[in-house]
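Analysis of the macromolecular model
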Amino acid sequence: MHRLLEFIKLIYVLVLFVVLEGFALWTYATSSPYTEAKILSRTTAMGAAVSGAVTNVENFFALPEANRQLTERIAELNEEILGLKEGCVDTLYRGDELVEKDSKFRYHYASVVSMTTNRKHNNLILDRGTLDGISKDMGVITPENELVGYVVSCSDHYCVVQPMLNIDFSTGGRLEDGGLCVIWWSGASKYEVEAKEISVYSEPNVGMSVEVRSERLPEGVLIGTVTEYELNSTKSAYSAKIAIAANMSKLDDLLIVENTHYGEIEELMNHTQE
Amino acid sequence: MFRSVPYIGMTIILLFLQIFILDELSIAMWLRPMLFPLIVMLLPMEWRTIWVMLSALVVGVIMDVSLGGAGLYTATLLPLAVMRRWILYVTTHRSVESGDQTSLLSRMSLRQLMIYVAAMFVLHHSLFFILETLSFVTPLRLVATIVLSSLLSLVISWPILRLFISKIVTK
């Protein structure tokens, strides 16, 4: 008690000053809307700064918890990788590549750098190039397994893709009933491509899905669905309009598909042509 | 009691001067002399801080009531009272003991006295104008107001200060 009184005696001037000064400032602060607003904004800013500093300190001391969570996540991922290696699923991750197990197709992740959709010769630039293992003629699909186009040229770090929305684009397609066709773009609509040379023995229907038929891509890659079809004038084949499955104006993250046997196929084709 | 009369007289004169003359002068927005801090500066140095602070409170309240300061005058005078001894020590390297009965102000050289008064004026005017504007949008104008007003206050107060020290404090 004696020490407390001594302590109060030691600091009473300071305490009294703080009380009187605080009261004077409070009276002044509440004397007009201007001073009230100004002082309120200053004290709020100071409060925010103090709060921010406290949060930073709290975050610093929360680092062990974050580390524990990350370690748990690493353990989960390790288990997943082991499961994949043991063949529980059909795909494997190698670095940033997704490889189909016992498959000739290898997948590379890529992001769209720039693209056009309003021209006759539209192009798409992706952030992967030859240094990432990308080369000409590789297929490009969405993560939902929908066709986008094919790689037409590469630099070290980037590649140019010829999308379906390019009048020079052409690829093979297969209707749901097995009928083959050639897919191309007339330039009329950025939501539709054309299918031509559909066999008269095929039975196209509206709503029928059309998949890619190409050595550059695995089976099951969707092009779109038939919206209308007709027999050509010579009645030798059908032609159809296909609504593109991929949203070509909202492409972001894509997959570049590499056929590891494509070089062999290309060489064989060249030999045959010679 | 008799010793206090000159100080009370000086306080009344300075308050009168400030309220009825200096505050009515409209020289310029950035030139506003204020003499009333002199009351706190000239109070006996041997006085304990608590008495100086209570005196400053009384002067501040009178100024606030008279000029509608709403606490502004009190809020700027109180720190002056608390920091008086510290400023004196920093500017003149002289420390004051509570039991010191000799008048320190009369023993200071003119240079030391000027530094002490100027420092007190700058401190008071800085607090006053910053609190009054509550804005740093035009910092140059704020600094100019503080410096020029402090300078003018020093110039006006200097004869009063010298007269008071020579006629009252020395005796």
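Residues numbered from 1 in each chain as written. Chains lettered and ligands numbered in written order. Predicted model: local features only at pLDDT ≥ 70, side-chain atom pairs only at ≥ 80, totals over all residues. Heavy atoms only, no water.

1. Points about the overall build of chain B
- When helices and strands are counted, chain B shows 7 helices and 0 strands.
- When the elements of chain B are put in sequence order from the N terminus, they spell out α-α-α-α-α-α-α.
- Residue burial in chain B is summarised as follows: out of 171 residues, 47% are buried.
- The contacts in chain B between residues at least 6 apart in sequence include a share of 73% that link residues at least 24 apart. (Helix = DSSP H or I, 4+ residues; strand = E, 2+ residues; numbered from the N terminus. Buried < 20%, exposed > 50% of the residue type's maximum accessible area, 1.4 Å probe, protein only. Contact = heavy atoms within 4.5 Å.)

2. A closer look at the confidence of the model for chain B
All names here are of chain B.
- When pLDDT is averaged along chain B, the result is 83, and 89% of the positions lie at 70 or above.
- For chain B, helix H5 (residues 104-107) is the element with the lowest average pLDDT, namely 74, and helix H3 (residues 49-67) is the one with the highest, namely 89.
- In the model output, the complex is listed with pTM 0.49 alongside ipTM 0.83. (pLDDT = per-residue confidence, 0-100.)

3. So, the interface of chain A and chain B
- Counting residues at the interface gives 16 residues for chain A and 21 residues for chain B.
- Taking both partners together, chain A and chain B bury about 1,500 Å²; carbon and sulfur atoms supply 74% of that area.
- The largest contributions to the chain A side of the interface with chain B come from Phe17, Leu20 and Tyr28 of chain A, which together make up 36% of the buried area.
- Scanning the region where chain A abuts chain B turns up 4 residue pairs in polar contact (both at pLDDT 80 or more).
- Broken down by secondary-structure element, the contributors of at least two residues to the side of chain A that touches chain B are helix H1 (2-29) and helix H2 (33-61) of chain A.
- The dominant element in the side of chain A that touches chain B, judged by the number of residues it contributes, is H1 of chain A, at 10 residues.
- Considered class by class, the residues forming the side of chain A that touches chain B number 10 nonpolar, 3 polar and 3 charged. (Buried area = accessible area lost by both parts, 1.4 Å probe. Polar contact = N/O pair within 3.5 Å; in protein donor to acceptor, adjacent residues only side chain to side chain. Nonpolar A, V, L, I, M, F, W, Y, C, P; charged D, E, K, R; others polar.)

4. Description of the pairing of strand S12 (residues 222-231) of chain A
All names here are of chain A.
- As paired strands, strand S11 (residues 209-212) and S12 are joined by 3 bridges and run antiparallel to one another. Considered in S12, the bridge of Glu211 is made with Leu222.
- Strand direction decides the pairing type here: S12 and strand S13 (residues 237-244), joined by 7 bridges, are antiparallel. Looking at the pairing, Leu231 lines up with Tyr238 of S13.
- The hairpin turn running from S12 into S13, its antiparallel successor, is 5 residues long, and Lys235 in that turn takes a positive phi close to 55°. (Pairing = 2+ DSSP bridges.)

5. A few points about the packing of aromatic side chains
Residue and element names in this part refer to chain B.
- Considering all chains together, one arrives at 9 aromatic pairs over all chains under this definition.
- An angle of 45° between the planes, with centres 4.9 Å apart, marks the rings of Phe16 and Phe20 as tilted. Of this pair, Phe16 and Phe20 both sit in helix H1 (residues 4-21), 4 residues apart, which is roughly one turn of that helix.
- Using a relative accessible area of 53% as the deciding quantity, one classes Phe20 as exposed. (Phe/Tyr/Trp six-rings, centres within 6.5 Å; stacked < 30°, edge-to-face > 60°.)

6. With respect to the sheet that holds strand S10 (residues 192-199) of chain A
- Pairing in this closed barrel of 6 strands is antiparallel, and the strands run S8-S9-S10-S13-S12-S11 (chain A) around the ring. For this sheet the average axis-to-axis angle between neighbouring strands, irrespective of direction, equals 40°. (Axes fitted to C-alpha atoms, helices over the stretch in contact; angles between N-to-C directions.)

7. Topic: the nonpolar core
- In terms of nonpolar packing, the biggest core is built from 55 residues, with Leu38, Met53, Leu105, Leu113, Tyr116, Val117 and Leu161 of chain B touching the most fellow members.
- Top contributing element to this core by residue count: helix H4 (residues 72-92) of chain B, with 9 residues.
- Excluding residues within four positions of it along the chain, Tyr116 of chain B makes contact with Met41, Met45, Arg84, Ile87, Leu88, Thr91, Thr92, Leu105 and Met108 of chain B.
- Counting 44 residues, the second-largest nonpolar core is a separate cluster that includes Ile141, Leu175, Trp185 and Val212 of chain A. (Core = buried A, V, L, I, M, F, W, Y, C linked by side-chain atoms within 4.5 Å.)

8. Considering the pattern of salt bridges
Residues and elements named next belong to chain A.
- Tallied over the full model, the rule gives 3 salt bridges over all chains.
- When the shortest N-O distance is used, the salt bridge between Arg128 and Asp132 registers 3.8 Å.
- Notably, a salt bridge pairs Arg216 with Asp137, separated by 3.5 Å at the nearest N-O pair. Of this pair, Arg216 sits in the loop between S11 and S12 while Asp137 is found in the loop between strand S4 (124-126) and strand S5 (139-141), placing the two residues 79 residues apart along the sequence.
- Of the residues examined, Arg216 reaches a relative accessible area of 15% and is grouped as buried. (Salt bridge = Lys/Arg side-chain N within 4 Å of Asp/Glu carboxyl O.)

9. Structural notes on the confidence of the model for chain A
- Scored by pLDDT, chain A has a mean of 83; 87% of the residues are at 70 or more.
- The secondary structure element of chain A with the lowest average pLDDT is strand S1 (residues 91-94) of chain A, at 52, and the one with the highest is S11 of chain A, at 94.

10. Some points on the side chain of Glu194 of chain A
All names here are of chain A.
- Considering the arrangement of structural elements, one finds Glu194 in strand S10.
- Although buried, Glu194 forms no salt bridge, and the nearest oppositely charged side chain, Lys241, lies 4.9 Å from it.
- Among the polar contacts made by the side chain of Glu194, one reaches the side chain of Ser186 at a distance of 3.2 Å. (Lys, Arg positive; Asp, Glu negative; His and termini not counted.)

11. Let's talk about the state of the cysteines
Residues and elements named next belong to chain A.
- A full pass over the atoms with the stated rule returns 0 disulfides over all chains.
- No disulfide involves Cys159; its sulfur sits 5.0 Å from that of Cys154, the nearest cysteine.
- For Cys159, a relative accessible area of 1% translates into the label buried. (Disulfide = S-S within 2.5 Å.)

12. A few points about the packing of H1 of chain A against H4 of chain B
- At a minimum axis separation of 8 Å, H1 of chain A and H4 of chain B run at an interaxial angle of 155°. The angle between the axes of H1 of chain A and H4 of chain B places the two elements in the roughly antiparallel class. For the pair H1 of chain A and H4 of chain B, the crossing hand works out as left-handed. In this structure, H1 of chain A uses Phe17, Leu20, Glu21, Ala24, Leu25 and Tyr28 of chain A to contact H4 of chain B, whose residues at the interface are Leu72, Thr74, Ala75, Leu78, Pro79 and Val82 of chain B.
- Residue composition of the contact of H1 of chain A with H4 of chain B, grouped by class: 10 nonpolar, 1 polar and 1 charged. (Parallel < 35°, antiparallel > 145°, perpendicular 65-115°, else oblique. Left-handed = near helix turned anticlockwise from the far one by under 90°.)

13. Some details on unusual backbone geometry
- Residue Lys235 of chain A is not a glycine yet carries a positive backbone phi of 55°.
- Its location among the elements puts Lys235 of chain A in the loop between S12 and S13.
- At Ala70 of chain B, a position not held by glycine, the phi torsion is positive, near 55°.
- Mapped onto the elements, Ala70 of chain B comes out in the loop between H3 and H4.
- For Ala70 of chain B, a relative accessible area of 25% puts it in the partly exposed group.

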